[in-house]
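Okay, here's what each chain looks like letter by letter:
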Amino acid sequence: MKPRTDAEHQERMRKLKVAQDRKIASKTIEKGLIIVHTGTGKGKTSAALGMVVRAIGHGMKVGVIQFVKGAMQTGEKAVFDRFPDFVEFKPMGEGFTWDTQDRSRDIAVARAAWDEVKRMIADPSYHMVVADELNIVLRYDYLPVDEVLAVLANKPAMTHVIITGRNAPQPLIDAADLVTDMTQVKHPFREQNVKAQRGIEF
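Residues numbered from 1 in each chain as written. Predicted model: local features only at pLDDT ≥ 70, side-chain atom pairs only at ≥ 80, totals over all residues. Heavy atoms only, no water.

- Looking up the protein chain in an unreviewed UniProt entry gives the name Corrinoid adenosyltransferase, with the organism given as Sphingobium lactosutens DS20.
- The UniProt entry for the protein chain carries this comment under Pathway (unreviewed entry): "Cofactor biosynthesis; adenosylcobalamin biosynthesis; adenosylcobalamin from cob(II)yrinate a,c-diamide: step 2/7."
- The UniProt entry for the protein chain carries this comment under Subcellular location (unreviewed entry): "Cytoplasm". (UniProt positions renumbered as here; feature names shortened; annotations may be inferred.)

Set out below in structure tokens:
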């Protein structure tokens, strides 16, 4: 393919800008989004917490409930605890299901965490609520999917809700505005026997 001249490149970019500006101008709706991060790849919680950082930068109040994490000290909690006026960060889990090995207790813990998520969603002072690893809870039937969908359907119009975790149920995917499926290509835990590391996994 023949390389473009500077003039050809400039003209192509000018036309692209006109098309992009027209497309952006046509988007007029502003609403609170239901966002789902799922898939087998790393980065679901990390992406959600990146949005929390953005929200803080805009002076927005955020609630974060972690359904699984809680048994370990994480870097994100240490950071967000420094912004108590903007973030309520509550790790309410007791570890993974294979750690606890107590289904009835797992269900009770999931219910307590979900009650906190519902409280935050119902409170209009929260602009964003993150339900971290809620998909895992739904996968193991610790909470009814229909109950979660009902709460999301009745959330305040401008509240963003972000739900993370593998194996998002199809009804939740259907109800969401934005869904990202993280695909694992390589992971050092599997290929190189590298353990979970501070600053990367927690």
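Moving on, there is more to tell.
1. A short note on the packing of aromatic side chains
In step 1: According to the stated counting rule, one finds two aromatic pairs in the structure shown.
In step 2: Note that Lys61 overlies the ring of Tyr126, its terminal NZ or CZ placed 4.3 Å from the centroid.
In step 3: Lying over the aromatic face of Tyr140, Arg139 brings its terminal NZ or CZ to 5.7 Å of the ring centre. (Phe/Tyr/Trp six-rings, centres within 6.5 Å; stacked < 30°, edge-to-face > 60°. Lys NZ or Arg CZ within 6 Å of the ring centre and 35° of its normal.)

2. A short note on unusual backbone geometry
In step 1: For Glu133, which is not glycine, the phi dihedral falls at a positive 70 degrees.
In step 2: Among the residues examined, Glu133 registers a relative accessible area of 11% and is labelled buried.
In step 3: Positive phi is not limited to glycine here, since Asn167 has a value of about 60 degrees.
In step 4: Position of Asn167 among the secondary structure elements: in the loop between β5 (160–164) and α8 (170–175).
In step 5: Given the relative accessible area of 42%, Asn167 is considered partly exposed. (Buried < 20%, exposed > 50% of the residue type's maximum accessible area, 1.4 Å probe, protein only. Helix = DSSP H or I, 4+ residues; strand = E, 2+ residues; numbered from the N terminus.)

3. Considering the nonpolar core
Across soluble globular proteins, you tend to see nonpolar side chains buried next to one another.
In step 1: Formed by 28 residues in total, the largest nonpolar core has its most connected members in Phe67, Trp114, Val117, Leu134 and Leu152.
In step 2: Per-element tally for this core: the top contributor is helix α5 (residues 103–122), with six residues.
In step 3: In this view, Val117 contacts Ile65, Phe67, Val129 and Ala131; residues no more than four positions away in its chain are not counted.
In step 4: Counting 16 residues, the second largest nonpolar core, distinct from the first, contains Ala48, Leu49, Ala55 and Val130. (Core = buried A, V, L, I, M, F, W, Y, C linked by side-chain atoms within 4.5 Å. Contact = heavy atoms within 4.5 Å.)

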